[in-house]
Amino acid sequence: MTFGIRRSRPWALPEREVTDEGLWNERRRFLRLGAAAAVAGLAPPVARAAGVPRTPPLAGVRRAPPPPERPNTWEQITGYCNFYEFGTGKRDPARYAGRLRTRPWSVVVEGECERPGEVGIEEILRFPLEERIYRLRCVEGWSMVIPWVGFPLRLLLERFKPTSAARYVAFETLHEPDRMPGQRRTFLDWPYREGLRMDEAVHPLTILAVGLYGRVLPKPNGAPLRLVVPWKYGFKSIKSIVRIRLVREQPPTTWSQAAPHEYGFYANVNPDVPHPRWSQRYERRIGELRRRPTLLFNGYAEQVAHLYAGMDLRRYF
Ligand code: MTE
């Protein structure tokens, strides 16, 4: 399936329609879902989650063609999150991430590159923004379809001119325990860290997201900018990034350090490689009751399988 890649198509909506059009159909769908659940006598818990208020629209976003799968609602995407800096409950980010200050914000890019430096969020928002409608599959067994707004990570990295020694890219989230109370607890080694191999980082599907549904990225989802790598489990998609380091060796990452036998560096979605606590065969799309089969590389095998040719995916999980 090629779903997820932006292609210029005559039937794609013109740019000017994007920003205010972002919440297309959403309300109707939400109501329909609620009505169906009422008839069935049970409401899927996340359909009731209030989510967070709408953020301001982003200008000039190039809209994606209509996706073959229906995106989850704003309420679901912003109201059911993993952002342990604000607590371990799925609703905690919607409740508490309002404390996060996203201005001023800048990202340091350093390490194996010719022009190390810092880039401010205002400049980041001037990259050509496009909508990318991707599946997100969490290692816990739930999934969503999310209309991100962002741009390829490659465009940012190129500005800093990585040298041939840069074989991996390491990312770090903001560390501010005063505003991120989860960071006062010691169950993870803060700040949250993630990493990619360079060919994964510059792959056209890998984006830095700055928005959602044509609007500014909400805080529970990792404002003001987060990584999105759609063929990997969601924990790779690190939120609220402040530092990017180009490095020679595979960098340590938060979850693989915390539980190396459970979480690998690669974390490619793979129904054939079970997690010790969760079979990865099936997943539950948030808002649906029935489980559906999980797809290899989360359905993006056509685009990314070649990156792992010859690698034993059980060993490099
Ligand atoms: N990034 C940071 N900094 N802290 C986190 O706790 N959780 C990860 C990932 N990025 C996390 C993070 C996990 S486990 C998932 S599944 C996704 O974010 C969830 O993204 P979402 O809440 O926007 O759906």
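Residues numbered from 1 in each chain as written. Predicted model: local features only at pLDDT ≥ 70, side-chain atom pairs only at ≥ 80, totals over all residues. Heavy atoms only, no water.

### Notes on the site of the ligand
Cut-off, in case you're wondering: Neighbouring residues are identified by heavy atoms, a residue being near a molecule or strand if any of them is within 4 Å of it. Two N or O atoms form a polar contact when they lie within 3.5 Å of each other; inside protein one atom must be a possible hydrogen donor and the other a possible acceptor, and for residues adjacent in sequence the pair counts only when both atoms belong to side chains. Exposure was quantified through the Shrake-Rupley algorithm and a 1.4 Å probe, taking into account, for residues, occlusion by the shown protein chains and nothing else. Residues are grouped as follows: Ala, Val, Leu, Ile, Met, Phe, Trp, Tyr, Cys and Pro are nonpolar; Asp, Glu, Lys and Arg are charged; every other residue, Gly included, is polar.
As a matter of local geometry, the ligand sits amid 15 residues, with Tyr 84, Glu 85, Arg 226, Ser 237 and Lys 239 nearest to it. A distance of 2.8 Å separates a nitrogen atom of the ligand from a polar atom in the side chain of Glu 85. A distance of 2.7 Å separates an oxygen atom of the ligand from a polar atom in the side chain of Lys 239. Contact with the protein chains covers 99% of the free accessible surface of the ligand, which is 540 Å². Counted by class, the shell around the ligand contains seven nonpolar, five polar and three charged residues.

### Describing the packing of aromatic side chains
What counts, and what does not: Each aromatic pair joins two rings of Phe, Tyr and Trp (for Trp, the six-membered one) with centres within 6.5 Å, and gets the label stacked for planes under 30 degrees apart, edge-to-face for over 60, and tilted for any other angle. Only DSSP runs of H or I covering at least 4 residues are called helices, and only runs of E covering at least 2 are called strands; the numbering of each starts at the N terminus. Throughout this description, buried means an accessible area under 20% of the type-specific maximum (1.4 Å probe, protein chains only), exposed means over 50%, and partly exposed covers the range between.
Under the definition given, this model contains 14 aromatic pairs. Aromatic pair Tyr 134 and Tyr 300: ring centres 5.9 Å apart, planes at 75°, arrangement edge-to-face. Residue Tyr 134 is found in strand 3 (residues 130-137), and its partner Tyr 300 is found in the loop between strand 12 (292-293) and helix 9 (301-304); the two are separated by 166 residues along the sequence. Like Tyr 300, Tyr 134 is buried. Here Tyr 168 and Phe 265 contribute two aromatic rings whose centre-to-centre distance is 5.9 Å and whose plane-to-plane angle is 75°, an arrangement assigned as edge-to-face. Taken together, the residues Tyr 168 in strand 5 (residues 168-173) and Phe 265 in the loop between helix 8 (254-258) and strand 11 (282-285) connect sequence positions 97 residues apart. Both residues of the pair, Tyr 168 and Phe 265, belong to the buried class. Aromatic ring contacts, followed pair by pair, group Tyr 84, Phe 187, Trp 190, Phe 235, Trp 255 and Tyr 263 into a single cluster.

### Observations concerning the pattern of salt bridges
Charged atoms that come close allow side chains of opposite charge to pair. Basically, it comes down to this: When a carboxyl oxygen of Asp or Glu lies within 4 Å of a side-chain nitrogen of Lys or Arg, that pair is called a salt bridge.
The final tally for this structure, using the stated rule, is 26 salt bridges. Arg 193 is the salt-bridge partner of Glu 172, the closest N and O atoms lying 3.8 Å from each other. Of this pair, Glu 172 sits in strand 5 while Arg 193 sits in strand 6 (residues 193-197), placing them 21 residues apart in sequence. As a salt-bridge pair, Lys 236 and Glu 194 come within 2.7 Å of each other at their nearest N and O atoms. Of this pair, Lys 236 sits in the loop between strand 9 (226-228) and strand 10 (241-247) while Glu 194 sits in strand 6, and the two are 42 residues apart along the sequence. Pair check on accessibility: Lys 236 and Glu 194 agree, each one buried. The structure contains a network of salt bridges with shared partners spanning Glu 69, Arg 135, Arg 137, Glu 283, Arg 285, Glu 288 and Arg 292.

### Notes on unusual backbone geometry
With an omega of -5°, the peptide bond between Trp 190 and Pro 191 qualifies as cis. By the secondary structure assignment, Pro 191 is in the loop between strand 5 and strand 6. With an omega of 0°, the peptide bond running from Ala 223 to Pro 224 counts as cis. Assignment of secondary structure puts Pro 224 in the loop between strand 8 (215-216) and strand 9.

### Thoughts on the side chain of Glu 131
Position of Glu 131 among the secondary structure elements: in strand 3. A polar contact is formed between the side chain of Glu 131 and the backbone nitrogen of Ala 64, at a distance of 2.9 Å.

### Remarks on the sheet that holds strand 5
To keep things clear, this is the line we draw: When DSSP finds two or more bridges between a pair of strands, those strands are recorded as paired. To obtain an axis, a line is fitted to C-alpha atoms, over the contacting stretch when the element is a helix, and the angle between two such axes runs from 0 to 180 degrees between their N-to-C directions.
Across the sheet, five strands lie side by side as 2-1-10-5-6; this open sheet has mixed pairing. Edge strands, defined here as strands with exactly one partner in the open sheet, are strand 2 (117-120) and strand 6. In this sheet, adjacent strand axes meet at a mean angle of 20° when their direction is disregarded.

### A look at the environment of Val 145
Following the sequence through the fold, Val 145 ends up in strand 4 (residues 142-152). A residue is classified by how much of its surface remains accessible, and Val 145, at 0% relative accessible area, is buried.

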